[in-house]
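Observations on chain architecture
The primary structure of each chain is shown beneath.
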Amino acid sequence: MAVLLVLQARGLGDLLTAVPALRALRRAKPHDRILLAAPQRLKPVVDLIASVDTLVPTAELGSLRWHEPAPELAVNLHGPSAESIVALAKTQPKRVLTYHNSAFPELPGPEWQTDMHDVDRWCHLLESDGIVADRRNLGLLPPVSTTSRRDCIVVHVGAGAPARRWPPDRFAAVVRHLLVLGREVVLTGDEYERELALSIAARAGLPVSRVLAGEQNLIELAATVAEAALVICGDTGVAHLATAFGTRTVLLFGPTPPRWSGPPPHLLGRHAVLWAGQVGDPDADAPDPGLLRIGVAEVIDAVDKQLHQRNLSSTGADGRRAAYRRVG
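Everything numeric in this text was worked out from a predicted model, so none of it was measured.

Some points on the overall build of the chain
Tallying secondary structure elements over the chain gives 12 helices and 11 strands in all. A compact globule built from 328 residues should have a C-alpha radius of gyration of about 20 Å, and the chain, at 20 Å, falls within 12% of that. For the chain, the spread of C-alpha atoms along the three principal axes comes to 60 × 40 × 40 Å. Per-residue burial over the chain gives 54% buried out of 328 residues. Here the analysis covers contacts within the chain between residues at least 6 apart in sequence; of these, 63% occur between residues at least 24 apart. Surface exposure of the chain reaches about 14200 Å², of which carbon and sulfur atoms provide 51%.

Have a look at this one:
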């Protein structure tokens, strides 16, 4: 039995954009062992993908420790950097499948294209090696939850960098609107975002018991997203979770264009994607100017339309499709 190593040592959203590629690899190599080098904290979601035999805990590129036989194939779903290629090369694979890097002219591979959706990017890499990939194969089965919050509205207040965090006072205004509508709202985030979530709850008049940020593990968060009537968030891993579970969303993009990492076009009927059309630095230490051009009124309008469409869907009357919405 051959061993295949896949490297994707990034976050939740990056893992979920690689799902079609991982499943394509499983279909192409049904009898081989597929090992995924990824952060240990993502294991609950890796298990939901059902295409990986073993997770090799890898918090970052330099932490990959390999104790298996030399891989028959090492697949780089991390990026085109020299560091990622070196990390794979240390496992002494017989062959490496990666995007081209000029520092490694001996490795064939397609050229990296910046203006490409992440799902397309990883499928294209496999296709360059003759492995057929289905870009639509993004879905996950919802996990079992001990606490049901069916039909709640999830407001995810955090993001991986300040550049992608919509201001707290604006989130609070949207939460107040939802409370006026009589909706059940919960605030999610990681342990570092709990104080932020508590401050938003205080501004909005939301009970502390509805602040789940910092109190859920990943599988509990995933279950909450899967059961939600609507998810409101920025460009985060939670947005990708909602896409995977078919949960409706209102997504606030900036500074990264949604055509790079938003819901794929064939799924836009369930997602309202707001973007000001302004590209910026996704790792900046302040909210992106383009993101700040998305106002409370535009978000509330998108929320109301999504809830209305969901009601129509439940009666079989929803036949319309949405698209990316330019704001500002």
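A short note on the layout of surface pockets
One simple way to see leftover space: roll a probe sized like a water molecule over the atoms. Roughly 1500 Å³ of volume is contained in the largest pocket. Around the largest pocket sit 48 residues that line it, and Gly11, Leu12, Gly13, Asp14 and Arg164 are the ones nearest its centre. When contributions to the lining of the largest pocket are tallied by element, the ones reaching two or more residues are α1 (12-17), α5 (118-127), α8 (218-227), α9 (237-245) and α10 (258-261). Tallying contributions element by element places α1 first for the lining of the largest pocket, with four residues. Residue classes in the lining of the largest pocket are distributed as 16 nonpolar, 21 polar and 11 charged.

Regarding the pattern of salt bridges
Scanning all chains against the criterion turns up 14 salt bridges. The salt bridge involving Lys43 is made with Asp47; its shortest N-O contact spans 3.0 Å. With Lys43 and Asp47 both in helix α3 (residues 43-49) and four residues apart, this pair spans about one turn of that helix. The partly exposed category is assigned to Lys43, whose relative accessible area is 33%. A salt bridge links Asp301 to Lys305; the shortest N-O distance between them is 3.2 Å. On the criterion of helical spacing, the pair formed by Asp301 and Lys305 is a turn pair, its members being four residues apart in helix α12 (residues 296-314). Classification of Asp301 as partly exposed rests on a relative accessible area of 37%. Overlapping salt bridges, with partners in common, bring together Asp120, Glu127 and Arg135 in one network.

Observations concerning the pairing of strand β1 (residues 3-7)
Counting buried positions along β1 yields five of five residues, so the element is predominantly enclosed. Direction of pairing for β1 relative to strand β2 (residues 33-38): parallel, over a ladder of five bridges. Across the sheet, residue Val3 finds its bridge partner in β2, namely Arg33. Of the pairings in the sheet, the one linking β1 to strand β4 (residues 73-76) comprises four bridges and is parallel in character. The residue bridging Leu5 from the neighbouring strand is Ala74, located in β4.

Quick notes on the nonpolar core
Counting residues in each nonpolar core, the largest one holds 58 residues, and the members touching the most others are Leu36, Val75 and Leu77. Of the residues forming this core, the biggest block, six residues, is contributed by α9. Setting aside residues up to four positions removed in sequence, Leu36 forms contacts with Val6, Gln8, Leu15, Leu22, Val46, Val52, Thr54, Leu55 and Val56. Judged by nonpolar contacts, the second largest core, of 33 residues, contains Trp166, Val175, Leu178 and Leu307.

A word on the packing of α8 against α9
To describe two helices that pack against each other, one gives the angle between their axes and the distance between the axes. Contact geometry for α8 and α9: axes closest at 9 Å, N-to-C directions at 55°. As far as their axial angle goes, α9 and α8 are oblique. Taken as a pair, α8 and α9 cross one another with a handedness that is right-handed. Across from Leu221, Ala222, Val225 and Ala226 in α8, the residues of α9 making contact are Val238, Leu241, Ala242 and Phe245. Taken together, the residues of the contact of α8 with α9 break down into eight nonpolar, no polar and no charged.

About the thresholds
Residues numbered from 1 in each chain as written. Predicted model: local features only at pLDDT ≥ 70, side-chain atom pairs only at ≥ 80, totals over all residues. Heavy atoms only, no water. Helix = DSSP H or I, 4+ residues; strand = E, 2+ residues; numbered from the N terminus. Rg over C-alpha atoms; globule rule 2.2 N^0.38 Å. Buried < 20%, exposed > 50% of the residue type's maximum accessible area, 1.4 Å probe, protein only. Contact = heavy atoms within 4.5 Å. Areas by Shrake-Rupley, 256 points an atom, 1.4 Å probe, with all protein chains shown as cover. 1 Å grid on protein atoms, 1.4 Å probe; cavity = no way out; pocket = protein on both sides within 12 Å on 5 of 7 lines; lining within 4 Å. Points joined across faces, edges and corners; volume = space filled by probe spheres on them. Nonpolar A, V, L, I, M, F, W, Y, C, P; charged D, E, K, R; others polar. Salt bridge = Lys/Arg side-chain N within 4 Å of Asp/Glu carboxyl O. Pairing = 2+ DSSP bridges. Core = buried A, V, L, I, M, F, W, Y, C linked by side-chain atoms within 4.5 Å. Axes fitted to C-alpha atoms, helices over the stretch in contact; angles between N-to-C directions. Parallel < 35°, antiparallel > 145°, perpendicular 65-115°, else oblique. Left-handed = near helix turned anticlockwise from the far one by under 90°.

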